[in-house]
Amino acid sequence: MKLLLLGANGQVGWELSRSLMPLGEVVALDRQQCDLSQPERLPALVRGISPAVIVNAAGYTAVDQAEGEEQLAMTVNCTAVGVLAEQARACGALLVHYSTDYVFDGTKEAPYLEEDSPHPVNAYGRSKLAGEIAIRQAGAAYLIFRTSWIYAARGRNFVRMLLRLAAERDELPVVADQVGTPNWARNIADATAHTVRQALAERVAGSFVSGLFHLTASGTTSWYGFAGTILEYATRSGLVAAQRLPRLRPIPTEDYPTTAARPRNSRLGGYGLKERFGIVLPDWKQGLALCLEETASCRR
């Protein structure tokens, strides 16, 4: 069995290359090999590989830049995704796709559930929501996973940025009034592999039903709280010297202006993943501790 993985060099894609290996032959393609900004090339690519599963971990993720490149974001996150869904239907493949907390506006007081109505407040969120709709309209077998605040030991993310700045500055202002749940890319990848295995068995049994699920760790925090925990764990693991620890200063969103609006509440909830696949991801702090331990061991 072949599994086509797109976005193989991304944070989640890199981990998926490992997590999916026990399921079959993984054809892992990066942006150089499969550029979603050229969706017209996708049909021939998919037909040539004829996969049983397509896992799309690629996407346009430059949130602020998308405000000036919304058409490009739509091409990558919606048009290309729709083509993948159509090709999945044509070849009978299962499509796995990742979406985001940014499909919501962040005004809800409680965590967002799968059945809550989306209302994105920026171009990136609009493009990701359009991709979800394109998948559902294509009629393919699919699993859509919304997640948030992704980090890993590689790539561009908040954890790596904070560790870099901690070595350069004595004080770091961090937004304290945006809340959500940090998610380690490896946990996302491992959970995905589990769901794909079960979904394939369901398809054989004729009981598979497509669906959208919130794939997120347990617990919540703010960016300020996240930063404090990163520095605490990084000090324990030796990534940051205790005597060099910068001061963190909590600030409101208004004091950290960005081109694209951000939802104040990015918390994702729901019981779909547990009820359908028996998966409950651990508390976000556990994933962070493991990620930083791995980072430290690689530097020794």
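Computed from a predicted model, the values in this text were never measured in an experiment. (Residues numbered from 1 in each chain as written. Predicted model: local features only at pLDDT ≥ 70, side-chain atom pairs only at ≥ 80, totals over all residues. Heavy atoms only, no water.)

Observations regarding the state of the cysteines
Using the following cut-off: Two cysteine sulfurs form a disulfide in these notes if their separation is within 2.5 Å. Burial classes: relative accessible area under 20% of the type maximum marks a residue as buried, over 50% as exposed, and values in between as partly exposed (1.4 Å probe, protein chains only).
Within this structure, the stated rule accounts for zero disulfides. Free cysteine: Cys-91, not disulfide-bonded; nearest cysteine sulfur from Cys-34 at 14 Å. The class of Cys-91 is partly exposed, set by a relative accessible area of 33%.

Quick look at the pattern of salt bridges
Put simply, the rule is: Whenever Lys or Arg places a side-chain nitrogen within 4 Å of a carboxyl oxygen from Asp or Glu, that contact is recorded as a salt bridge.
Overall, the coordinates contain 16 salt bridges when judged by the stated rule. With its nearest N and O atoms 3.8 Å apart, the salt bridge here joins Arg-164 to Glu-168. Residue classification places Arg-164 among the partly exposed positions, given a relative accessible area of 44%. Among the ionic contacts, a cluster of salt bridges with common partners joins Glu-15, Arg-18, Arg-186, Asp-190 and Glu-294.

Things to note about the packing of aromatic side chains
Where we set the bar: Any Phe, Tyr or Trp ring, taking Trp's six-membered ring, that has another such ring centre within 6.5 Å forms a pair; planes under 30 degrees apart are called stacked, those over 60 apart edge-to-face, and the others tilted. Helix numbering and strand numbering both begin at the N terminus, where a helix is a DSSP run of H or I of at least 4 residues and a strand a DSSP run of E of at least 2. As a reminder, the over-ring test applies to NZ of lysine and CZ of arginine, requiring each to be within 6 Å of the ring centre and within 35 degrees of the ring normal.
Inspection of every chain in the model, using the stated rule, returns 11 aromatic pairs. When the ring of Tyr-102 is compared with that of Tyr-124, the centres are 5.8 Å apart and the planes differ by 75°; the resulting orientation is edge-to-face. In this pair, Tyr-102 sits in the loop between β4 (94-100) and α4 (123-138) while Tyr-124 sits in helix α4, placing the two residues 22 residues apart along the sequence. Between Trp-223 and Phe-226, the ring centres sit 6.2 Å apart and the planes meet at 35°, which makes this aromatic pair tilted. Placement of the pair is Trp-223 and Phe-226 together in helix α7 (residues 223-236), with a separation of three residues, close to one helical turn. Exposure class is identical for Trp-223 and Phe-226. Each is buried. The residue whose ring lies beneath Arg-154 is Trp-14, and the NZ or CZ to ring-centre distance is 4.0 Å.

Points about the sheet that holds β4
Backbone hydrogen bonds are what pair the strands of a sheet, in a parallel or an antiparallel way. The test is simple: By the convention used here, strands pair only if DSSP detects at least 2 bridges between them. Note on geometry: axes are lines fitted to C-alpha atoms, helical ones only across the stretch in contact, with angles between N-to-C directions running from 0 to 180 degrees. Contacts between residues were defined by any pair of non-hydrogen atoms, one from each residue, lying within 4.5 Å.
Read from one edge to the other, the open sheet built from six strands follows the order β2-β1-β3-β4-β5-β10, with strand pairing classed as parallel. Of all strands in the sheet, those bounded by a partner on one side alone are β2 (25-29) and β10 (211-214). The mean angle between the axes of side-by-side strands here comes to 20°, regardless of whether they run parallel or antiparallel. Across four bridges, strand β3 (residues 53-56) lies against β4 in parallel orientation. Following the sheet pairing, Val-53 is matched in β4 by Leu-94. Against the sheet, helix α1 (residues 11-19) engages β1 (2-6), β2, β3 and β4, with an angle of about 160° to β1.

Concerning the environment of Tyr-233
Note on placement: Tyr-233 falls in helix α7. For Tyr-233, a relative accessible area of 15% translates into the label buried. Spatially, the C-alpha atoms of Tyr-233 and Pro-250 are 19 Å apart, while their sequence positions differ by 17 residues. Setting aside residues no more than four positions away along its own chain, Tyr-233 makes contact with Lys-285, Leu-288, Ala-289 and Leu-292.

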